[in-house]
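If you want the building blocks of each chain, they are given just below.
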Amino acid sequence: MNLIANIGRFLFAIPMVIFGVFHFVNTRSFQNVVPSFIPGQTFWVYLTGAALIAAGISILIKKQIQLVSNLLAIMLLIFAVFVHLPLAMDGDQLAASSLLKDVALAGGAFILGNYFKDK
């Protein structure tokens, strides 16, 4: 296995776990980001936090990397479109940065899943 690819896998997975933990530690902050037309803000914050942690761990232990990475990419794109894009269109520069971050991470997740699909 390529050493650089494994370093990249760790560099991608560890922040996902940390982002997930942030959802549980800073739940109130994340509740304010969930669009108001979606009921149960706390539920969605916890669910996405758990999904981020699970994805990161799965990538770290090399279990179902292709499936997990593709699902993670889709979740990140949903965040980008439904959470960050509306705020970015209203001129929120932090939301614009988050939009670009999530789109880039989604791209990385798709690449990661494709690279490790047979490994």
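The present account deals with the structure reproduced in this document. (Residues numbered from 1 in each chain as written. Predicted model: local features only at pLDDT ≥ 70, side-chain atom pairs only at ≥ 80, totals over all residues. Heavy atoms only, no water.)

1. Thoughts on a nonpolar patch on the surface
So, step 1. On the surface, F37, L67, L71, I74, L77, I78, V81, F82, L85, M89, V103 and F110 cluster together to form a nonpolar patch covering roughly 1100 Å² of accessible area.
So, step 2. Secondary-structure elements contributing two or more residues to the nonpolar patch are α4 (65-89) and α5 (93-115).
So, step 3. Here the nonpolar patch gets nine residues from one element, more than from any other, and that element is α4.
So, step 4. Considering the arrangement of structural elements, one finds V81 in helix α4. (Patch = residues over 30% accessible without salt bridge, like charges linked within 9 Å, V, L, I, M, F, W, Y side chains within 5 Å. Areas by Shrake-Rupley, 256 points an atom, 1.4 Å probe, with all protein chains shown as cover. Salt bridge = Lys/Arg side-chain N within 4 Å of Asp/Glu carboxyl O. Helix = DSSP H or I, 4+ residues; strand = E, 2+ residues; numbered from the N terminus.)

2. Quick word on the packing of aromatic side chains
Aromatic rings in a pair are described by how distant their centres are and how their planes are angled relative to each other.
So, step 1. For the structure on display, the rule yields three aromatic pairs.
So, step 2. A centroid spacing of 5.2 Å and a plane angle of 15 degrees characterise the contact between F24 and Y46, whose relative ring orientation is stacked. With F24 in helix α1 (residues 3-25) and Y46 in helix α3 (residues 41-60), the pair connects residues that are 22 residues apart, well separated along the chain.
So, step 3. Relative accessible area serves as the criterion here: at 39%, F24 is assigned to the partly exposed category.
So, step 4. Y46 sits in the partly exposed class, given a relative accessible area of 37%.
So, step 5. A centroid spacing of 4.9 Å and a plane angle of 75 degrees characterise the contact between Y115 and F116, whose relative ring orientation is edge-to-face.
So, step 6. A relative accessible area of 33% places Y115 in the partly exposed class.
So, step 7. Lying over the aromatic face of F116, R9 brings its terminal NZ or CZ to 5.7 Å of the ring centre.
So, step 8. We note K101 situated over the ring of F19; from NZ or CZ to the ring centre the distance is 5.0 Å. (Phe/Tyr/Trp six-rings, centres within 6.5 Å; stacked < 30°, edge-to-face > 60°. Buried < 20%, exposed > 50% of the residue type's maximum accessible area, 1.4 Å probe, protein only. Lys NZ or Arg CZ within 6 Å of the ring centre and 35° of its normal.)

3. Notes on the layout of surface pockets
So, step 1. Approximately 750 Å³ is the volume attributed to the largest pocket.
So, step 2. Lining the largest pocket are 27 residues, with F30, V33, F79, V83 and H84 sitting closest to its centre.
So, step 3. Elements that contribute at least two residues to the lining of the largest pocket include exactly α1, α3, α4 and α5.
So, step 4. With eight residues, α4 is the largest single contributor of residues to the lining of the largest pocket.
So, step 5. Grouping the amino acids of the lining of the largest pocket by side-chain chemistry returns 20 nonpolar, four polar and three charged. (1 Å grid on protein atoms, 1.4 Å probe; cavity = no way out; pocket = protein on both sides within 12 Å on 5 of 7 lines; lining within 4 Å. Points joined across faces, edges and corners; volume = space filled by probe spheres on them. Nonpolar A, V, L, I, M, F, W, Y, C, P; charged D, E, K, R; others polar.)

4. Digging into the nonpolar core
So, step 1. One finds F12, M16, I59, L72, L76 and L112 to be the most contacted residues of the largest nonpolar core, which totals 19 residues.
So, step 2. Sorting the residues of this core by element identifies α1, α3, α4 and α5 as the ones contributing at least two each. (Core = buried A, V, L, I, M, F, W, Y, C linked by side-chain atoms within 4.5 Å.)

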